[in-house]
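The residues making up each chain are set out below.
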Amino acid sequence: MMNLIEHALAAVAIQAVIGLTTRNWWIGAALACGYFLGREVAQAEYRWIEQFGDGLRANLPWWGALDARLWTQMAQVADCLGPILATTLVAVVISRRPKPGNGAG
């Protein structure tokens, strides 16, 4: 559970740096999610190599990290979903805010 929260907070922090710099919070979300998805895919590849590839990276097929047998723990899935849900929520909330100068005030 703690990794879920830590990953979500780290993803939002990455998103905030990009969002505040470029004013594009969706790009920030994509970058942050890409980082965490890449991290989880790499860990899944290592699990596949250890469990099915005789310890040799050369035995890893292109689809190895997507093998459902590797994604047996909810924490593994949550480590991917946490950053996606958190950064999407931030991007949606910020994109719905009225832009300065567009108000009727």
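Going by the structure above, here's the rest.
Residues numbered from 1 in each chain as written. Predicted model: local features only at pLDDT ≥ 70, side-chain atom pairs only at ≥ 80, totals over all residues. Heavy atoms only, no water.

So, the packing of helix α2 (residues 25-52) against helix α3 (residues 74-96)
Part 1 of the argument: Relative to each other, α2 and α3 sit at 175°, their axes nearing to 9 Å. Here α2 lies roughly antiparallel to α3, going by the angle between them. Counting all contacts with α2, which are made through Trp25, Trp26, Ala29, Ala32, Cys33, Phe36, Leu37, Glu40 and Arg47, the residues of α3 involved are Gln76, Asp79, Cys80, Pro83, Ile84, Thr87, Thr88, Val90, Ala91, Val92, Ile94 and Ser95.
Part 2 of the argument: For the contact of α2 with α3, the per-class residue count stands at 14 nonpolar, four polar and three charged. (Axes fitted to C-alpha atoms, helices over the stretch in contact; angles between N-to-C directions. Helix = DSSP H or I, 4+ residues; strand = E, 2+ residues; numbered from the N terminus. Parallel < 35°, antiparallel > 145°, perpendicular 65-115°, else oblique. Contact = heavy atoms within 4.5 Å. Nonpolar A, V, L, I, M, F, W, Y, C, P; charged D, E, K, R; others polar.)

What to know about the pattern of salt bridges
Part 1 of the argument: As enumerated under the stated definition, the model contains three salt bridges in all.
Part 2 of the argument: Between Arg39 and Glu40 there is a salt bridge, and its shortest N-O distance comes to 3.0 Å.
Part 3 of the argument: With a closest N to O distance of 2.5 Å, Asp67 and Arg69 form a salt bridge.
Part 4 of the argument: The class for Arg69 is partly exposed, based on a relative accessible area of 47%. (Salt bridge = Lys/Arg side-chain N within 4 Å of Asp/Glu carboxyl O. Buried < 20%, exposed > 50% of the residue type's maximum accessible area, 1.4 Å probe, protein only.)

Notes on a nonpolar patch on the surface
Part 1 of the argument: On the surface, Trp62, Trp63 and Leu66 cluster together into a nonpolar patch covering about 450 Å² of accessible area.
Part 2 of the argument: On the secondary structure map, Leu66 appears in the loop between α2 and α3.
Part 3 of the argument: Judged by its relative accessible area of 61%, Leu66 is exposed. (Patch = residues over 30% accessible without salt bridge, like charges linked within 9 Å, V, L, I, M, F, W, Y side chains within 5 Å. Areas by Shrake-Rupley, 256 points an atom, 1.4 Å probe, with all protein chains shown as cover.)

A few points about unusual backbone geometry
Part 1 of the argument: Despite not being glycine, Arg23 shows a phi value in the positive range, around 65°.
Part 2 of the argument: Locating Arg23 in the fold gives a position in the loop between α1 (2-22) and α2.
Part 3 of the argument: For Asp54, which is not a glycine, the phi torsion comes out positive at approximately 55°.
Part 4 of the argument: Here Asp54 lies in the loop between α2 and α3.
Part 5 of the argument: Looking at Asp54, the relative accessible area reads 70%, which means it is exposed.

Concerning the side chain of Gln15
Part 1 of the argument: Assignment of secondary structure puts Gln15 in helix α1.
Part 2 of the argument: Among the residues examined, Gln15 registers a relative accessible area of 0% and is labelled buried.
Part 3 of the argument: A distance of 3.1 Å separates a polar atom in the side chain of Gln15 from the backbone oxygen of Trp25.
Part 4 of the argument: When neighbours within four sequence positions are excluded, Gln15 is seen to be in contact with Trp25, Gly28, Ala29, Ala32, Thr87, Val90 and Ala91. (Polar contact = N/O pair within 3.5 Å; in protein donor to acceptor, adjacent residues only side chain to side chain.)

On their own, these measurements won't tell you what the molecule is for.
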